[in-house]
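One-letter residues, chain by chain:
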Amino acid sequence: MEYSDPMNPPADNLEQTEKASWKQPKYLVAMTLLLLVFGGLFFYMVTLKPILQEMEQGVLTQTGARLVVLTKSIDPVMFSDYQFTTVTESAAMVLSQYDGNLQLTSLKNLSKEVATALIRHQGQLNLSGVTELSQEVAQELSQHDGSLTLDGLKELSEEVAKALSQQDEMLYLDGLTHLPDAVAAALGQRQHYLSLEGLKSLSPSAARALAQQQGPLRLNGLTSLSDETAEALGSHQGDLYLNGLTRLSESAAKSLIQNKGALAFYSLKQMSDEAAVWVGQHQGNLHLGLTTLTGAAANSLSQSTGRWLYLSFLKDLPDDAAKALSQYQGSLMLPSLTRISDEAAVAFSGQPGHLFLSDVTTLSDRGAAALRDHNDLYISLQDLPASAAEILRQAGHK
């Protein structure tokens, strides 16, 4: 009979047991994780590390661009701190497929080949680091189907301006501080949005040329206008943004209202009653930064036939001004108003257009009872006294 000691199994049984143990799931998982760790480390050292080193030096190649596009789809700010001063043509081709805004604000020089690749991108293209632009590169960029930012340009030749005038979306040239008449005439041929917020002054002749431009025109860097320049800009037919103006003469107001688009004066804190008479005759939307408003000026502004009247910074409204504004036929926007008196609420109850009172926190029950009959009221119920909010809530306001 063969003796078997369970405490000392035969050697061949030990070998078979050890071989079998490697086939257990826990050992397979451990080996798989080990392979993944070493594989990832190898990939990083051989492939990823050189790419990241190039990117840290401001160079973006095709492989780096693929990494950027991939990670931006996961985390849009992952590579926001990288300053790419060099982008290869193959990298630009990859970037053009990115479904989002392209911010290449550190790129100083732009070749025709890279520009040709980038214009295939659909969306905002920010090249505000580019300081010089040739005519042939400008011609390529004019074909971009999306907004184009070139704020790094400090001056513009007539030929480049003519090329950019063919671009069909928003164009930002906010780095320009001087606009020769020939350049203004070229840009005046544009049919779309143009931003020139870096201009601190504008001659009447340049203004006359720019006024031929058909889309919205942003000149928010201008803090004052001569009567002659205002007269020239009055012939512009698109939206006109003059949000840097701090003073508006009666003569300038009379000229500017000839514009048929929206007029924006966000830095204009006060307006004379005489200027308001003319502004109130404007046929487009009005965006005003007034912080005070007299009853006479309000009465004039209420005559405007635009669809919107924005009084964005008005925090206090006298009762006579409220009564006058209640006659306005369009949408009346008073987003900074915090208090509505009972008399003002009664006046506003009959206002025929949309009434926007988003910041009102002081309203009596009597005032709420008057406003509840307004057909198109926006007011934040959660910021009102509970009883006033309940009155409006029961009337169907939310």
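Residues numbered from 1 in each chain as written. Predicted model: local features only at pLDDT ≥ 70, side-chain atom pairs only at ≥ 80, totals over all residues. Heavy atoms only, no water.

**A word on the overall build of the protein chain**
Thought 1: Per the secondary structure count, the protein chain includes 17 helices and 15 strands.
Thought 2: Every one of the 398 residues in the protein chain was classed for burial, and the buried ones make up 46%.
Thought 3: Here the protein chain displays about 20,400 Å² of accessible surface, and carbon together with sulfur accounts for 51% of that area. (Helix = DSSP H or I, 4+ residues; strand = E, 2+ residues; numbered from the N terminus. Buried < 20%, exposed > 50% of the residue type's maximum accessible area, 1.4 Å probe, protein only. Areas by Shrake-Rupley, 256 points an atom, 1.4 Å probe, with all protein chains shown as cover.)

**Section: the environment of glycine 353**
Thought 1: One can find glycine 353 in the loop between α15 (342-348) and β14 (355-357).
Thought 2: With a relative accessible area of 9%, glycine 353 lands in the buried category.
Thought 3: Along the primary structure glycine 353 and glutamine 329 are separated by 24 residues, whereas in three dimensions their C-alpha atoms are 5.5 Å apart.

**Structural notes on the side chain of histidine 121**
Thought 1: Summarising the element assignment, histidine 121 is placed in the loop between α5 (112-118) and β4 (125-126).
Thought 2: We classify histidine 121 as buried; its relative accessible area is 0%.
Thought 3: Of note is the side chain of histidine 121, whose polar atom sits 2.5 Å from the backbone oxygen of glycine 100.
Thought 4: For histidine 121, the contacting residues outside a window of four places in its chain are Leu95, Ser96, Tyr98, Gly100, Asn101, Leu102, His144 and Asp145. (Polar contact = N/O pair within 3.5 Å; in protein donor to acceptor, adjacent residues only side chain to side chain. Contact = heavy atoms within 4.5 Å.)

**Concerning the pattern of salt bridges**
Thought 1: Following the criterion strictly, the structure yields four salt bridges and no others.
Thought 2: The salt bridge partner of arginine 393 is glutamate 390, with a shortest N-O separation of 3.0 Å. Of this pair, arginine 393 and glutamate 390 both sit in helix α17 (residues 386-394), three residues apart, which is roughly one turn of the helix. (Salt bridge = Lys/Arg side-chain N within 4 Å of Asp/Glu carboxyl O.)

**A closer look at the environment of tyrosine 328**
Thought 1: Along the chain, tyrosine 328 falls in the loop between α14 (319-325) and β13 (331-333).
Thought 2: When the C-alpha positions of tyrosine 328 and tryptophan 308 are compared, they lie 9.4 Å apart, and in sequence the two are 20 residues distant.
Thought 3: In this view, tyrosine 328 contacts Leu301, Ser302, Ser304, Gly306, Arg307, Trp308, Leu309, Gln351, Pro352 and Gly353; residues no more than four positions away in its chain are not counted.
Thought 4: Among the polar contacts made by the side chain of tyrosine 328, one reaches the main-chain amide nitrogen of tryptophan 308 at a distance of 3.2 Å.
Thought 5: Within the local environment of tyrosine 328, its side chain forms a polar contact with the backbone nitrogen of leucine 309, the two atoms lying 3.4 Å apart.

**Focus on the nonpolar core**
Where a protein is soluble and globular, its nonpolar side chains tend to be buried together.
Thought 1: Leu127, Leu141, Leu173, Leu219 and Phe348 are the most contacted members of the largest nonpolar core, which has 108 residues in total.
Thought 2: In this structure leucine 127 touches Leu104, Leu107, Leu110, Leu118, Leu141, Leu148, Thr149 and Leu150, once residues within four positions along its chain are discounted. (Core = buried A, V, L, I, M, F, W, Y, C linked by side-chain atoms within 4.5 Å.)

**What to know about the pairing of strand β12 (residues 308-311)**
Thought 1: Because side chains alternate across β12, one face comprises the buried residues Leu309 and Leu311, and the other comprises Trp308 and Tyr310, none of which is buried.
Thought 2: As judged from the three bridges shared by strand β11 (residues 286-288) and β12, these two strands associate in the parallel manner. Across the sheet, residue leucine 288 finds its bridge partner in β12, namely leucine 311.
Thought 3: Assessed by its sense of winding, the connection that carries the chain from β11 through helix α13 (residues 295-301) to β12 is right-handed.
Thought 4: With three bridges connecting them, β12 and β13 associate as parallel partners. Within the sheet, the bridge partner assigned to tyrosine 310 lies in β13 and is methionine 333.
Thought 5: What joins β12 to β13 is α14, and the crossover it makes is right-handed. (Pairing = 2+ DSSP bridges. Right-handed = clockwise from strand over helix to strand, strands pointing away.)

**With respect to the packing of aromatic side chains**
Thought 1: Counting across every chain of the model gives four aromatic pairs.
Thought 2: An angle of 70° between the planes, with centres 5.9 Å apart, marks the rings of tyrosine 266 and phenylalanine 313 as edge-to-face. Here tyrosine 266 is found in the loop between β10 (263-265) and α12 (273-279), whereas its partner phenylalanine 313 is found in the loop between β12 and α14, with 47 residues between them in sequence.
Thought 3: Between phenylalanine 356 and tyrosine 378 the ring centres are 5.0 Å apart and the planes differ by 10°, which places this aromatic pair in the stacked class. On the criterion of sequence distance, the pair formed by phenylalanine 356 in strand β14 and tyrosine 378 in strand β15 (residues 377-379) is long-range, its members being 22 residues apart.
Thought 4: Between the NZ or CZ atom of arginine 218 and the centre of the ring of tyrosine 241, over which it lies, the distance is 5.4 Å. (Phe/Tyr/Trp six-rings, centres within 6.5 Å; stacked < 30°, edge-to-face > 60°. Lys NZ or Arg CZ within 6 Å of the ring centre and 35° of its normal.)

**Re the side chain of threonine 149**
Thought 1: Locating threonine 149 in the fold gives a position in strand β5 (residues 148-149).
Thought 2: In contact with threonine 149, other than residues within four places in its own chain, are Gln124, Leu125, Asn126, Leu127, Ser128 and Tyr172.

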